[in-house]
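Secondary and tertiary structure notes
The residues making up each chain are set out below.
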Amino acid sequence: MKKLFIACITMLIGSTSASAQEWWDDIDRGIFNHVGLNVSASTEGIGVGVAAPITDYLELSAGVNFMPSIKIKGDVNVDYNLGALPAQITIPNHDKVKITGDLKRTTMDVKLNIYPFGGNSSFFIAGGFSFGGEKLGTLTGHSDVIQNAIEDYPAFKDIILSSITAELDKYNVKFDEKGDISGDIRVKKFRPYVGLGVGRLVPKNRLGLRFEAGCQFMGKMKVYQDDTEVKINDLNDTDDTLSKIIDKLTVYPVLKLTITGRIF
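Residues numbered from 1 in each chain as written. Predicted model: local features only at pLDDT ≥ 70, side-chain atom pairs only at ≥ 80, totals over all residues. Heavy atoms only, no water.

**Re helix H2 (residues 144-152)**
Residues three or four positions apart in an α-helix share a direction because the helix packs 3.6 residues into each turn. Going by this rule: Exposure categories follow from relative accessible area, calculated using a 1.4 Å probe and restricted to protein chains: below 20% of the type maximum is buried, above 50% is exposed, and the middle band is partly exposed. Secondary structure is summarised from DSSP: a helix means a run of H or I of at least four residues, a strand means a run of E of at least two, and numbering begins at the N terminus for each. Think of the arc as the fan of directions from the helix axis to the C-beta atoms. Contacts were defined at the residue level, with two residues in contact if any of their heavy atoms lie within 4.5 Å.
Along H2, the residues classified as buried are Val145, Ile146, Ala149 and Ile150. Viewed along the axis of H2, the buried residues span an arc of 130 degrees, placing them on a single side of the element. Of the exposed residues in H2, those oriented more than 90 degrees away from the buried face are Glu151 and Asp152. In this fold, the buried residues of H2 make contact with strand S3 (58-80), helix H3 (157-163) and strand S7 (164-168).

So, in structure tokens, the structure goes:
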């Protein structure tokens, strides 16, 4: 019995050693001769992806990113131009209305990762593109003042609606007959990408970590209502947070932390 126990322990140690050696062994990266899977958290959202090597110097990767809902609010100016209304009709002029931008989307990306030092070096430069729907997010808002004005003077509904707008960046956003604002923010469907970082998507060992910093070139944000781009008023001078984002953010920053794994 004692000899059998010793033999079993010896076999177990030998098997464990072999598995550990396989876990830590170096790999020979050829053209698509390995496959890696990865999970990431980044400014693009939660991502999953797949990758394969093209020698020690290149990796090709593809992934999908799910951006959770992020709400950005801004108190924007309201422009009242009610000269066409009869003098006896008065509507209180409220200078501000709150608009909420809800940024939520799903995107896909394809990247070529270049490892200039080859071997098992981890430094890389990435180039590729991200693509998805045009809609970056939705816009919503409400004004009780405008809703009450339309209810009080229904015969002048069209004049009121055409004469009162919210000033979001340089866009004159319209209200509907319930005093609501609804629209969406759009960017380019196809967005070039560049980045750099450390770590391989097909790691030397079975598991690894990777950090990446880069940017998507998504172009100028545009505001749409009823699938029509909203008119731009170059005289608008807004300073709320939401307007500043729409006006200034043309390059989307990407910071990404990834857990990488090699299937074979």
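**Overview of the pattern of salt bridges**
How we decide: What makes a salt bridge here is a side-chain nitrogen of Lys or Arg within 4 Å of a carboxyl oxygen of Asp or Glu, nothing more.
Considering all chains together, one arrives at 12 salt bridges under this definition. A salt bridge links Asp56 to Arg29; the nearest nitrogen and oxygen atoms lie 3.6 Å apart. With a gap of 27 residues between them, Asp56 in the loop between strand S2 (45-53) and S3 and Arg29 in the loop between helix H1 (2-24) and strand S1 (36-42) connect regions that are remote in the sequence. Here Arg186 ties to Asp184 by a salt bridge, and the two come within 2.6 Å at their closest N and O atoms.

**Some details on the pairing of strand S8 (residues 171-174)**
Put simply, the rule is: Pairing between strands is defined by DSSP: at least two bridges between the two strands are required.
Relative to S8, S7 runs antiparallel, the two being bridged by four bridges. When the sheet's bridge partners are listed, Thr165 is paired in S8 with Lys174. What sits between the antiparallel neighbours S7 and S8 is a turn of two residues, in which Asp169 has the positive phi angle 55 degrees.

**Here we look at the packing of aromatic side chains**
The geometry of an aromatic ring pair comes down to the distance between the two centres and the angle between the two planes. Rules: Pairs were defined over the aromatic rings of Phe, Tyr and Trp, the Trp ring being its six-membered one, requiring ring centres within 6.5 Å. Orientation was assigned from the angle between planes: stacked under 30 degrees, edge-to-face over 60, tilted for the rest. The criterion is that NZ of a Lys, or CZ of an Arg, lies within 6 Å of the ring centre and within 35 degrees of the ring normal, and then a charge sits over that ring.
Counted by the stated rule, this structure contains four aromatic pairs. An angle of 50 degrees between the planes, with centres 5.9 Å apart, marks the rings of Tyr115 and Phe124 as tilted. Owing to a relative accessible area of 0%, Phe124 belongs among the buried residues under this scheme. Look at Phe117 and Phe123: their rings are 6.3 Å apart centre to centre, the planes differ by 45 degrees, and that puts the pair in the tilted class. The rings of Phe129, Phe131 and Phe190 are connected pair by pair, giving a single aromatic cluster. A cation over a ring is seen here: Arg186 above Tyr224, with NZ or CZ 4.2 Å from the ring centre. For the cation-ring pair, Arg200 lies above Tyr115, with the distance from its terminal atom to the ring centre recorded as 3.8 Å.

**Considering the environment of Leu242**
Within the secondary structure layout, Leu242 lies in helix H4 (residues 241-248). Residue classification places Leu242 among the buried residues on the basis of a relative accessible area of 2%. It is 6.3 Å that separates the C-alpha atoms of Leu242 and Ile72, two residues lying 170 residues apart in sequence. Each residue touching Leu242, except ones within four places of it in the same chain, is listed here: Ile72, Lys73, Gly74, Ile99, Thr100, Gly101, Leu139 and Leu168.

Read these as spatial facts, not as claims about activity.
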